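Descriptive analysis of the structure
Here are the chains, one letter per residue:
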Amino acid sequence: MAERDLHPQCSGRLYGVGTGPGDPDLLTLKAARLLGQADVIAYFAKAGNASNALRIVQAYRRDDVIEVPLLYPVTTESHRHGDAYRQAITAFYDQMAAELAGHLSAGRDVVALSEGDPLFYGSYMHLHVRLASRFVTEVVPGITAMSGCWSLAGLPIVQGDDVLTVLPGTLDEEELAQRLAATEAAIVMKIGRNLPKVRRALARAGRLDCAVYVERGTMTEGRHLPLNRKTDDDAPYFSLVLVPGWAGRLAATDPSAEADKANAPADLETSTS
Ligand SMILES: C[S@@+](CC[C@H](N)C(=O)[O-])C[C@H]1O[C@@H](n2cnc3c(N)ncnc32)[C@H](O)[C@@H]1O
């Protein structure tokens, strides 16, 4: 079948656009340009909550743009691996894709926002797999949360042959501990209510003392500090833990680096802005 038949000329285009981790200045030029041209902006949000992605792009959108909120019908209170959760979330993505297909078929260009990068743990991917075969689609990468957070903290994360492992904090403690022990560097995402478990896993893997906690990284209200200096178990949705590979190796090879390593955490206890 010809490309023209697959993607009718009169249809709009779908753009999956990464908004970066929070600071609007970390949006790409391409994202800003597409936002200024889009007929429709779609964004995921929890019902009753403001959209963080929409807030990030506020300065770049057209005043007359059509906003399409994609409101999750289920929350983290539901058991993510249960059948009821799977059915509800699949039906939701089907419905949202159908709604956007209506706009695309009517010739409107749609920008679907995604915090960070759209294809890195981003809900946008569920729209992409449902729509990319029917409409001209482009993904605009964004700066990931982890990249924003390690840059903010000024924390060298990997070098040379270091292995970096990205872990969702939703894994069970045993698996977290094993994977943390088997890697040089790690990022633990999705902290929230998982913080006590993540702490225990880091301690079991002998990595607690070098871990850095970052919440709302690059947003104006953001902050970061060594995890072993955080005294409570409260962590918002927008938080992650950085475990650097580089600093530990540096100390092992360069005696003068031991002093730097010891000083580093004190310098990190600072807010984002
Ligand atoms: C569903 S994932 C989305 C990841 C995103 N697509 C990316 O490219 O980074 C959501 C998780 O990313 C992390 N996250 C996103 N933005 C963050 C920020 N500004 N500061 C700290 N963590 C953040 C948190 O761990 C959060 O639970």
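Residues numbered from 1 in each chain as written. Predicted model: local features only at pLDDT ≥ 70, side-chain atom pairs only at ≥ 80, totals over all residues.

This part covers the overall build of the chain. Secondary structure summary: the chain contains 10 helices and 11 strands in total. Split into buried and exposed, the 273 residues of the chain put 37% on the buried side. Summarising the internal contacts of the chain: among those between residues at least 6 apart in sequence, 73% fall at separations of at least 24. (Helix = DSSP H or I, 4+ residues; strand = E, 2+ residues; numbered from the N terminus. Buried ≥ 20, exposed ≤ 12 C-beta atoms within 10 Å, placed from the backbone. Contact = placed C-beta atoms within 7 Å.)

Okay, unusual backbone geometry next. For tyrosine 121, which is not glycine, the phi dihedral falls at a positive 55°. Within the secondary structure, tyrosine 121 is located in the loop between strand S4 (110-114) and helix H5 (124-131). Located in the positive-phi region is lysine 190, a residue other than glycine, with phi close to 50°. Take lysine 190: it is sitting in the loop between strand S7 (185-189) and helix H8 (195-204). The partly exposed category is assigned to lysine 190, around which 18 C-beta atoms lie within 10 Å.

This paragraph deals with the nonpolar core. Grouped together as the largest cluster of nonpolar side chains are 33 residues, with contacts concentrated most on Cys149, Val188, Ala211, Val212, Leu240, Val241 and Leu242. Only helix H6 (145-153), helix H7 (173-181), S7, H8, strand S8 (212-215) and strand S10 (239-243) provide two or more residues apiece to this core. It is H6 that contributes the most residues to this core, 6 residues altogether. Filtering out sequence-adjacent residues up to four positions away, valine 188 remains in contact with Leu167, Gly169, Val198, Leu240 and Val241. Grouped together as the second largest cluster of nonpolar side chains are 29 residues, Val110, Val111, Ala112 and Leu127 included. (Core = buried A, V, L, I, M, F, W, Y, C linked by C-beta atoms within 7 Å.)

Among the residues of H8, Leu195, Val198, Arg199, Ala201 and Leu202 are the ones counted as buried. One side of H8 holds all its buried residues, which, seen down the axis, span an arc of 165°. Buried residues in H8 make contact with H7, S7 and S10. One or two residues past the end of H8 sits glycine 206, with phi positive at roughly 70°. (Arc of directions from axis to C-beta.)

Taken together, 25 residues sit near the ligand, with Gly116, Thr144, Ala145, Met189 and Gly217 positioned nearest. At the level of secondary structure, the elements contributing two or more residues to the shell around the ligand comprise H6 and S10. For the shell around the ligand, the per-class residue count stands at 12 nonpolar, 9 polar and 4 charged. Both of domain 1 (3-143) and domain 2 (146-271) provide at least three residues apiece to the shell around the ligand. (Near = placed C-beta within 6 Å. Nonpolar A, V, L, I, M, F, W, Y, C, P; charged D, E, K, R; others polar. Domains from an automatic or database assignment.)

Once that is clear, we can look at the packing of H7 against H8. Running from N to C, H7 and H8 point in directions that differ by 40°, and their axes come no closer than 8 Å. It follows that H7 is oblique to H8 by the angle criterion. Pair H7 / H8 crosses with right-handed handedness. Here Glu173, Leu176, Ala177 and Leu180 of H7 lie close against H8, whose contacting residues are Lys197, Val198, Arg200, Ala201, Leu202 and Arg204. Split into classes, the residues belonging to the contact of H7 with H8 amount to 6 nonpolar, no polar and 4 charged. (Axes fitted to C-alpha atoms, helices over the stretch in contact; angles between N-to-C directions. Parallel < 35°, antiparallel > 145°, perpendicular 65-115°, else oblique. Left-handed = near helix turned anticlockwise from the far one by under 90°.)

This part takes up the sheet that holds S4. Ordered in space as S3-S2-S4-S1-S5, the 5 strands form an open sheet in which the pairing is parallel. Of all strands in the sheet, those bounded by a partner on one side alone are strand S3 (66-72) and strand S5 (137-140). Adjacent strand axes in the sheet meet at a mean angle of 20°, parallel and antiparallel pairs treated alike. As paired strands, strand S2 (residues 40-46) and S3 are joined by 7 bridges and run parallel to one another. Bridging from a neighbouring strand, alanine 42 pairs with valine 68 of S3. (Pairing = 2+ DSSP bridges.)

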